[in-house]
Amino acid sequence: AQKVTQAQTEISVVEKEDVTLDCVYETRDTTYYLFWYKQPPSGELVFLIRRNSFDEQNEISGRYSWNFQKSTSSFNFTITASQVVDSAVYFCALSEARNQGGKLIFGQGTELSVKP
Amino acid sequence: GAVVSQHPSWVICKSGTSVKIECRSLDFQATTMFWYRQFPKQSLMLMATSNEGSKATYEQGVEKDKFLINHASLTLSTLTVTSAHPEDSSFYICSAGSLMAAGANVLTFGAGSRLTVL
(Lines give C-alpha, C1' and ligand atoms only; values in the text may rest on other atoms or scores of the structure.)
Protein backbone atom coordinates (compact mmCIF):
# COMPACT_ATOMS: atom_id res chain seq x y z
CA ALA A 1 0.00 0.00 0.00
CA GLN A 2 1.16 3.49 -0.70
CA LYS A 3 1.51 6.08 2.02
CA VAL A 4 3.00 9.53 2.49
CA THR A 5 4.07 10.78 5.90
CA GLN A 6 4.82 14.35 6.79
CA ALA A 7 5.78 14.12 10.42
CA GLN A 8 5.90 17.87 10.99
CA THR A 9 2.38 19.16 11.53
CA GLU A 10 3.39 22.77 12.12
CA ILE A 11 6.61 24.69 11.76
CA SER A 12 7.19 28.26 12.78
CA VAL A 13 10.26 30.22 11.71
CA VAL A 14 11.38 33.79 11.59
CA GLU A 15 11.83 35.45 8.26
CA LYS A 16 15.16 34.72 6.53
CA GLU A 17 15.62 31.43 8.31
CA ASP A 18 16.06 28.28 6.25
CA VAL A 19 13.45 25.59 6.81
CA THR A 20 13.19 21.97 5.69
CA LEU A 21 9.91 20.13 5.35
CA ASP A 22 10.22 16.38 5.61
CA CYS A 23 8.41 13.81 3.50
CA VAL A 24 8.71 10.04 3.71
CA TYR A 25 6.80 7.75 1.39
CA GLU A 26 5.95 4.08 1.02
CA THR A 27 5.19 2.28 -2.19
CA ARG A 28 5.78 -1.16 -3.66
CA ASP A 29 6.13 0.19 -7.17
CA THR A 30 9.54 0.79 -8.68
CA THR A 31 8.17 3.56 -10.87
CA TYR A 32 6.29 6.38 -9.25
CA TYR A 33 5.99 10.16 -9.08
CA LEU A 34 6.48 12.49 -6.14
CA PHE A 35 5.05 15.97 -5.82
CA TRP A 36 5.07 18.98 -3.59
CA TYR A 37 2.15 21.42 -3.48
CA LYS A 38 1.65 24.67 -1.63
CA GLN A 39 -1.81 25.54 -0.30
CA PRO A 40 -2.16 29.16 0.80
CA PRO A 41 -5.15 30.27 2.90
CA SER A 42 -7.20 30.75 -0.27
CA GLY A 43 -7.24 26.96 -0.61
CA GLU A 44 -5.96 26.66 -4.15
CA LEU A 45 -3.22 24.08 -4.63
CA VAL A 46 -0.07 25.49 -6.18
CA PHE A 47 2.13 22.97 -7.96
CA LEU A 48 5.79 23.19 -6.94
CA ILE A 49 7.54 20.15 -8.32
CA ARG A 50 7.07 16.70 -9.81
CA ARG A 51 9.82 14.11 -9.71
CA ASN A 52 9.82 10.62 -11.13
CA SER A 53 11.42 7.76 -9.28
CA PHE A 54 14.25 7.34 -11.76
CA ASP A 55 15.50 10.86 -11.36
CA GLU A 56 17.34 11.24 -8.07
CA GLN A 57 19.00 14.48 -8.97
CA ASN A 58 18.37 17.17 -6.45
CA GLU A 59 16.67 20.22 -7.81
CA ILE A 60 16.92 23.90 -7.03
CA SER A 61 14.48 26.55 -8.11
CA GLY A 62 15.24 29.94 -6.68
CA ARG A 63 14.89 29.69 -2.90
CA TYR A 64 13.37 26.23 -3.16
CA SER A 65 15.32 23.00 -3.26
CA TRP A 66 14.38 19.36 -3.08
CA ASN A 67 16.38 16.39 -1.86
CA PHE A 68 15.19 13.05 -3.20
CA GLN A 69 16.75 9.96 -1.63
CA LYS A 70 15.36 6.60 -2.67
CA SER A 71 17.51 4.79 -0.12
CA THR A 72 15.53 6.40 2.68
CA SER A 73 12.29 6.91 0.71
CA SER A 74 12.43 10.61 1.40
CA PHE A 75 11.68 13.68 -0.66
CA ASN A 76 12.45 16.67 1.52
CA PHE A 77 11.80 20.28 0.64
CA THR A 78 13.95 23.19 1.78
CA ILE A 79 13.11 26.86 1.62
CA THR A 80 16.13 29.09 1.91
CA ALA A 81 15.81 32.57 3.40
CA SER A 82 12.13 32.13 4.12
CA GLN A 83 9.70 34.97 3.59
CA VAL A 84 6.31 35.78 5.08
CA VAL A 85 4.70 34.92 1.74
CA ASP A 86 5.93 31.37 2.15
CA SER A 87 3.42 30.88 4.95
CA ALA A 88 1.07 28.14 3.82
CA VAL A 89 0.33 24.46 4.17
CA TYR A 90 2.67 22.30 2.12
CA PHE A 91 1.70 18.86 0.91
CA CYS A 92 3.90 16.08 -0.33
CA ALA A 93 2.15 13.58 -2.58
CA LEU A 94 2.79 10.26 -4.33
CA SER A 95 1.37 8.77 -7.48
CA GLU A 96 2.17 5.32 -8.68
CA ALA A 97 3.19 4.82 -12.28
CA ARG A 98 0.15 2.77 -13.22
CA ASN A 99 -1.89 5.87 -12.51
CA GLN A 100 0.33 7.77 -14.94
CA GLY A 101 0.88 10.52 -12.44
CA GLY A 102 -2.77 10.90 -11.56
CA LYS A 103 -4.58 9.77 -8.43
CA LEU A 104 -2.42 11.38 -5.81
CA ILE A 105 -1.91 10.14 -2.28
CA PHE A 106 -1.26 13.15 -0.08
CA GLY A 107 0.63 13.45 3.15
CA GLN A 108 -0.98 15.11 6.13
CA GLY A 109 0.51 18.46 5.27
CA THR A 110 2.90 20.76 7.12
CA GLU A 111 1.67 24.18 8.10
CA LEU A 112 4.52 26.64 7.77
CA SER A 113 4.30 29.97 9.50
CA VAL A 114 6.97 32.53 8.69
CA LYS A 115 6.96 35.45 11.08
CA PRO A 116 8.44 38.84 10.25
CA GLY B 1 -0.46 26.19 -19.23
CA ALA B 2 -3.35 23.90 -18.48
CA VAL B 3 -6.20 25.53 -16.58
CA VAL B 4 -8.94 23.86 -14.61
CA SER B 5 -11.96 25.92 -13.66
CA GLN B 6 -14.09 24.90 -10.71
CA HIS B 7 -17.46 26.41 -9.95
CA PRO B 8 -18.88 27.53 -7.61
CA SER B 9 -15.97 28.55 -5.43
CA TRP B 10 -18.20 28.55 -2.40
CA VAL B 11 -21.76 27.56 -1.67
CA ILE B 12 -24.03 27.58 1.34
CA CYS B 13 -27.09 25.39 1.31
CA LYS B 14 -29.76 24.07 3.62
CA SER B 15 -29.67 20.55 4.91
CA GLY B 16 -31.45 18.15 2.59
CA THR B 17 -30.77 20.02 -0.62
CA SER B 18 -28.47 18.90 -3.42
CA VAL B 19 -25.48 20.84 -4.63
CA LYS B 20 -23.68 20.51 -7.95
CA ILE B 21 -20.02 21.42 -8.41
CA GLU B 22 -18.52 21.70 -11.87
CA CYS B 23 -14.96 21.04 -12.94
CA ARG B 24 -13.89 22.14 -16.41
CA SER B 25 -10.63 21.75 -18.25
CA LEU B 26 -10.40 24.98 -20.20
CA ASP B 27 -7.71 24.41 -22.75
CA PHE B 28 -7.19 20.69 -22.87
CA GLN B 29 -9.19 17.49 -22.94
CA ALA B 30 -9.25 15.31 -19.87
CA THR B 31 -10.43 11.73 -20.12
CA THR B 32 -9.89 11.42 -16.40
CA MET B 33 -10.63 13.83 -13.61
CA PHE B 34 -10.25 13.33 -9.89
CA TRP B 35 -12.35 14.58 -7.00
CA TYR B 36 -10.82 15.21 -3.59
CA ARG B 37 -12.30 16.29 -0.29
CA GLN B 38 -10.49 18.22 2.38
CA PHE B 39 -11.81 18.77 5.88
CA PRO B 40 -10.44 21.74 7.85
CA LYS B 41 -6.85 21.33 8.89
CA GLN B 42 -6.66 17.95 7.22
CA SER B 43 -5.18 16.44 4.10
CA LEU B 44 -6.81 15.90 0.74
CA MET B 45 -8.52 12.57 0.38
CA LEU B 46 -9.34 11.14 -3.02
CA MET B 47 -13.06 10.50 -3.33
CA ALA B 48 -13.38 9.20 -6.85
CA THR B 49 -11.92 9.02 -10.30
CA SER B 50 -14.17 10.40 -12.98
CA ASN B 51 -13.91 8.72 -16.37
CA GLU B 52 -15.33 10.32 -19.49
CA GLY B 53 -18.16 8.27 -20.89
CA SER B 54 -18.21 5.67 -18.15
CA LYS B 55 -18.97 5.26 -14.48
CA ALA B 56 -16.81 6.87 -11.88
CA THR B 57 -14.56 4.77 -9.69
CA TYR B 58 -15.13 5.49 -6.02
CA GLU B 59 -12.63 5.07 -3.23
CA GLN B 60 -13.45 2.81 -0.35
CA GLY B 61 -15.85 4.39 2.09
CA VAL B 62 -17.23 6.98 -0.33
CA GLU B 63 -20.95 6.63 -0.93
CA LYS B 64 -21.60 6.66 -4.65
CA ASP B 65 -25.28 7.45 -4.18
CA LYS B 66 -24.36 10.40 -2.02
CA PHE B 67 -21.71 11.83 -4.29
CA LEU B 68 -22.88 11.54 -7.86
CA ILE B 69 -20.23 12.07 -10.50
CA ASN B 70 -20.91 12.67 -14.14
CA HIS B 71 -18.23 13.07 -16.78
CA ALA B 72 -20.28 13.76 -19.84
CA SER B 73 -17.60 15.34 -21.99
CA LEU B 74 -13.85 15.54 -22.26
CA THR B 75 -13.83 18.93 -20.59
CA LEU B 76 -16.47 18.68 -17.88
CA SER B 77 -16.99 16.60 -14.78
CA THR B 78 -19.64 17.34 -12.17
CA LEU B 79 -19.94 16.29 -8.56
CA THR B 80 -23.40 16.41 -7.03
CA VAL B 81 -23.72 16.15 -3.28
CA THR B 82 -27.21 14.77 -2.82
CA SER B 83 -29.33 15.47 0.24
CA ALA B 84 -26.48 17.36 1.82
CA HIS B 85 -26.05 17.35 5.59
CA PRO B 86 -23.79 19.43 7.82
CA GLU B 87 -21.20 16.64 7.91
CA ASP B 88 -20.79 17.05 4.15
CA SER B 89 -19.45 20.54 4.71
CA SER B 90 -15.97 20.47 3.30
CA PHE B 91 -13.61 21.80 0.65
CA TYR B 92 -13.97 19.88 -2.59
CA ILE B 93 -11.18 20.04 -5.16
CA CYS B 94 -11.02 18.55 -8.61
CA SER B 95 -8.03 17.85 -10.77
CA ALA B 96 -7.59 16.96 -14.39
CA GLY B 97 -4.68 15.40 -16.16
CA SER B 98 -3.17 16.19 -19.51
CA LEU B 99 -0.98 13.46 -20.81
CA MET B 100 2.58 14.46 -21.52
CA ALA B 101 4.59 12.96 -24.30
CA ALA B 102 6.51 10.98 -21.71
CA GLY B 103 3.31 9.19 -20.79
CA ALA B 104 2.89 10.85 -17.45
CA ASN B 105 -0.02 12.95 -16.44
CA VAL B 106 0.55 16.51 -15.41
CA LEU B 107 -2.21 17.26 -12.98
CA THR B 108 -3.83 20.63 -12.73
CA PHE B 109 -6.06 21.39 -9.78
CA GLY B 110 -9.11 23.56 -9.69
CA ALA B 111 -9.34 26.33 -7.12
CA GLY B 112 -11.71 24.30 -4.99
CA SER B 113 -15.30 24.65 -3.83
CA ARG B 114 -16.13 25.31 -0.21
CA LEU B 115 -19.44 23.77 0.76
CA THR B 116 -21.23 24.76 3.93
CA VAL B 117 -24.40 22.92 4.80
CA LEU B 118 -26.58 24.59 7.40
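Residues numbered from 1 in each chain as written. Chains lettered and ligands numbered in written order. Predicted model: local features only at pLDDT ≥ 70, side-chain atom pairs only at ≥ 80, totals over all residues. Heavy atoms only, no water.

Caption draft 1: Broad picture of the overall build of chain A. If you tally the helices and strands in chain A, you get zero helices and 12 strands. Secondary structure of chain A in N-to-C order comes out as β-β-β-β-β-β-β-β-β-β-β-β. For 116 residues, the compact-globule formula gives about 13 Å, and the C-alpha radius of gyration of chain A, at 14 Å, lands near that figure. C-alpha atoms of chain A, sized along the principal axes, occupy 45 × 25 × 20 Å. When burial is assessed residue by residue, chain A has 45% of its 116 residues classed as buried. Restricting to contacts in chain A with at least 6 residues of sequence separation, those with at least 24 account for 57%. Total accessible area on chain A is roughly 5,600 Å²; 48% of this is exposed by carbon and sulfur atoms. (Helix = DSSP H or I, 4+ residues; strand = E, 2+ residues; numbered from the N terminus. Rg over C-alpha atoms; globule rule 2.2 N^0.38 Å. Buried < 20%, exposed > 50% of the residue type's maximum accessible area, 1.4 Å probe, protein only. Contact = heavy atoms within 4.5 Å. Areas by Shrake-Rupley, 256 points an atom, 1.4 Å probe, with all protein chains shown as cover.)

Caption draft 2: Broad picture of unusual backbone geometry. Each neighbour pair has its own omega, and for His-7 of chain B with Pro-8 of chain B the value is 0°, a cis peptide bond. With respect to the helices and strands, Pro-8 of chain B occurs in the loop between strand S1 (4–7) and strand S2 (10–13). Of note, Lys-16 of chain A is a non-glycine position whose phi angle comes to about 85°, a positive value. When you line up the elements, Lys-16 of chain A lands in the loop between strand S2 (10–14) and strand S3 (19–21). One non-glycine residue, Ser-73 of chain A, adopts positive backbone phi at about 50°.

Caption draft 3: Representation of the pairing of S2 of chain B within the structure. Residues and elements named next belong to chain B. Here S2 shows a buried face lined by Val-11 and Cys-13 and an unburied face lined by Trp-10 and Ile-12. Across four bridges, the pairing between S2 and strand S11 (residues 113–117) is parallel. By the bridge assignment for S11, Cys-13 is matched with Val-117. (Pairing = 2+ DSSP bridges.)

Caption draft 4: The environment of Ala-1 of chain A, seen in detail. Residue and element names in this part refer to chain A. Considering the arrangement of structural elements, one finds Ala-1 in the segment before strand S1 (3–5). You can call Ala-1 exposed: its relative accessible area is 65%. Taking the C-alpha atoms as reference points, Ala-1 and Glu-59, separated by 58 residues in sequence, lie 27 Å from one another. With sequence-adjacent residues up to four places away left out, Ala-1 is seen in contact with Glu-26, Thr-27 and Arg-28.

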